[in-house]
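Chain and residue survey
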Amino acid sequence: MKLDDLGNWRRTHKCREITEQLDGQEVIVMGRVGDIRDLGGIKFFILHDISGSIQITASRKKTDPETLSKMDALTQESSVAVRGKVVKARQAPRGVEVVPSEIRILNLAATPLPLDPGGKVKANLDTRLDARGLDLRRAEAIAIFKIRNQALKTIRDYLLSQGFIEVQTPKIVATATESGAALFPISYFDREAFLSQSPQLYKEVLTGAFDRVFEVGPIFRAEEHDTPRHLNEATSIDIEAAYLTAGDVMEILEELIWRAFDSVKRNCAEELRILNHRLEMPEKPFPRITYDEAIEKLNAAGININWGEDLSTPAERKLAEIIGGAYFIVDWPLALKPFYTLPKGDKLGDAFDLMYRELELASGGSRIHSEEMLVKQMKEKGLNPENFESHLLSYRYGLPPHAGFGLGLDRLTMVLTGAENIRECVLFPRDRRRLTP
Ligand code: AMO
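Residues numbered from 1 in each chain as written. Predicted model: local features only at pLDDT ≥ 70, side-chain atom pairs only at ≥ 80, totals over all residues. Heavy atoms only, no water.

Naming follows an unreviewed UniProt entry, where the protein appears as Aspartate--tRNA(Asp/Asn) ligase of Hadarchaeum yellowstonense. What UniProt states about the protein under its Function (unreviewed entry) heading is, verbatim, "Aspartyl-tRNA synthetase with relaxed tRNA specificity since it is able to aspartylate not only its cognate tRNA(Asp) but also tRNA(Asn). Reaction proceeds in two steps: L-aspartate is first activated by ATP to form Asp-AMP and then transferred to the acceptor end of tRNA(Asp/Asn)." What UniProt states about the protein under its Subcellular location (unreviewed entry) heading is, verbatim, "Cytoplasm". (UniProt positions renumbered as here; feature names shortened; annotations may be inferred.)

Laid out in structure tokens, this is it:
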């Protein structure tokens, strides 16, 4: 079939804007075709755009043959433009419909569809991710990404209001920051390079010039985990601020999480309804417990963790049962935290994790700003300071004391939307088995 051109047509209204007040008015609407129904004398379809939907209704008797034949040719998910008159109609889903005078079929969807974006036929996650472009048209998927967008906007606005500058740091890097094992090597001309695990070292250096910086960007982890909360490419919201400590940036993090919840609750009521998710506001201040207290509580609850061990998944689950909601775990054993963590006494690091129930949302802390101390701690962690030479240069010239955190945007989106698998919260997830689409 020959397709139509968009030509000089432009939308006069989005679907949601078609209301009874426009009764009798001519409009142009554009979008994708949802449910199609043929009642013999009358043919309907639902037109969806990002704002919502509107019913398009043509009676066989009154509609011209060309428009009717286009109605007959339509398939679900085709993209179309409709010029027509707004008519009040009690039986239409929104009490109003558009009676077409001309239809342009801009692209015709092939049949059968690999999945039903209308949601009547449920598909499993793998089938959905294989046809993700189509899967993202589902109302639930759109709701998740609208919520993610709203949260990110709120977080950006807040950080900008607090004097942070948004930066972009290299994603092709020479060294690890978090742990050697989780790096993706790539070939960089005749040298080996890696995909960045975290903007950590760059954001720290930037505090010397810009005082406060933040970055929203990809982090790459070659983790073998195949879990509902790990990805090999995730998005983190990283901040770093000069002349602040872990305690100060925890307050920024708490405020930022609270505001993200609040703005989603106020601006995304319809999306939360679509997802059937009741969002409970976390109470400020979030509880803060030390690592030692966490171990005590766990041991008392029958989960044995020796001092110095990381918290296992069952331990995190148990803590979530005991504390619930959003809470900080502070004062970690230094050995469990990366080399750049500022020591607190002999054995502890001035570092924290932010948990939401059993999910770690963020981690951060105060950092070392003295070159000497950083070199010492690198050696203690078995790292070779020579590999960090260009980075260490920046510490030589008066880098201020600083602190910061990394917050996983995909995990935050899980919490805000009630998604049980992180893959639902990422447009095109990368995991051990999935490199396409
Ligand atoms: P960390 O390694 O804890 O800290 O990462 C920070 C946050 O990023 C998210 N995250 C992930 N999300 C999904 N899949 C993954 N594989 C994954 N890895 C991490 C989590 C996590 O809490 N440089 C430090 C941050 C800092 O101290 O400023 C860092 O990268 O939500």
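So much for the structure itself; the text now carries on.
Turning to the pattern of salt bridges, a few remarks are in order. The full count for this structure, using the stated rule, is 45 salt bridges. In this structure, the salt-bridge partner of aspartate 126 is arginine 434, at a minimum N-O distance of 2.9 Å. Taken as a pair, aspartate 126 in helix H2 (residues 125-130) and arginine 434 in the segment after helix H12 (409-417) lie far apart in primary sequence, 308 residues in all. We classify aspartate 126 as partly exposed; its relative accessible area is 36%. Put simply, arginine 132 and aspartate 135 hold a salt bridge, and the shortest N to O gap is 2.7 Å. Of this pair, arginine 132 and aspartate 135 both sit in helix H3 (residues 132-135), three residues apart, roughly one helical turn. You can call aspartate 135 buried: its relative accessible area is 0%. (Salt bridge = Lys/Arg side-chain N within 4 Å of Asp/Glu carboxyl O. Helix = DSSP H or I, 4+ residues; strand = E, 2+ residues; numbered from the N terminus. Buried < 20%, exposed > 50% of the residue type's maximum accessible area, 1.4 Å probe, protein only.)

Here the focus is the packing of aromatic side chains. Counted by the stated rule, this structure contains eight aromatic pairs. Here phenylalanine 261 and tyrosine 356 contribute two aromatic rings whose centre-to-centre distance is 5.7 Å and whose plane-to-plane angle is 40°, an arrangement assigned as tilted. Taken together, the residues span a long stretch of sequence, with phenylalanine 261 in helix H6 (residues 246-267) and tyrosine 356 in strand S15 (residues 348-356) at a distance of 95 residues. The burial state of phenylalanine 261 is the same as that of tyrosine 356; both residues are buried. Through a chain of ring-to-ring contacts, three or more aromatic side chains come together here, namely Phe286, Phe328 and Phe352. (Phe/Tyr/Trp six-rings, centres within 6.5 Å; stacked < 30°, edge-to-face > 60°.)

Burial in helix H1 (residues 65-73) covers these residues: Thr67, Leu68, Lys70 and Met71. Buried residues of H1 fall within an arc of 160° about the axis and therefore sit on the same side. Facing away from the buried side of H1, by more than 90 degrees, are the exposed residues Pro65 and Glu66. Looking at the packing, one finds that the buried side of H1 touches strand S2 (42-49), strand S3 (52-59) and strand S5 (96-107). (Arc of directions from axis to C-beta. Contact = heavy atoms within 4.5 Å.)

When the UniProt feature table is mapped to this numbering, "binding site: Mg(2+) 3" (unreviewed entry) covers Glu360. With respect to the helices, strands and loops of the structure, glutamate 360 is situated in strand S16 (residues 359-366). Residues in contact with glutamate 360, not counting those within four places in the same chain, are Asp353, Leu354, Met355 and Arg411.

A separate point is the sheet that holds strand S7 (residues 172-173). Adjacent strands of a sheet pair through backbone hydrogen bonds, lying either parallel or antiparallel. Ordered in space as S7-S9-S8, the three strands form an open sheet in which the pairing is antiparallel. Only two strands of the sheet have a single partner each, and these edge strands are S7 and strand S8 (185-188). For S7 and strand S9 (residues 191-195), the ladder comprises two bridges, and the chain directions are antiparallel. When the bridges of S9 are listed, valine 173 appears paired with phenylalanine 194. (Pairing = 2+ DSSP bridges.)

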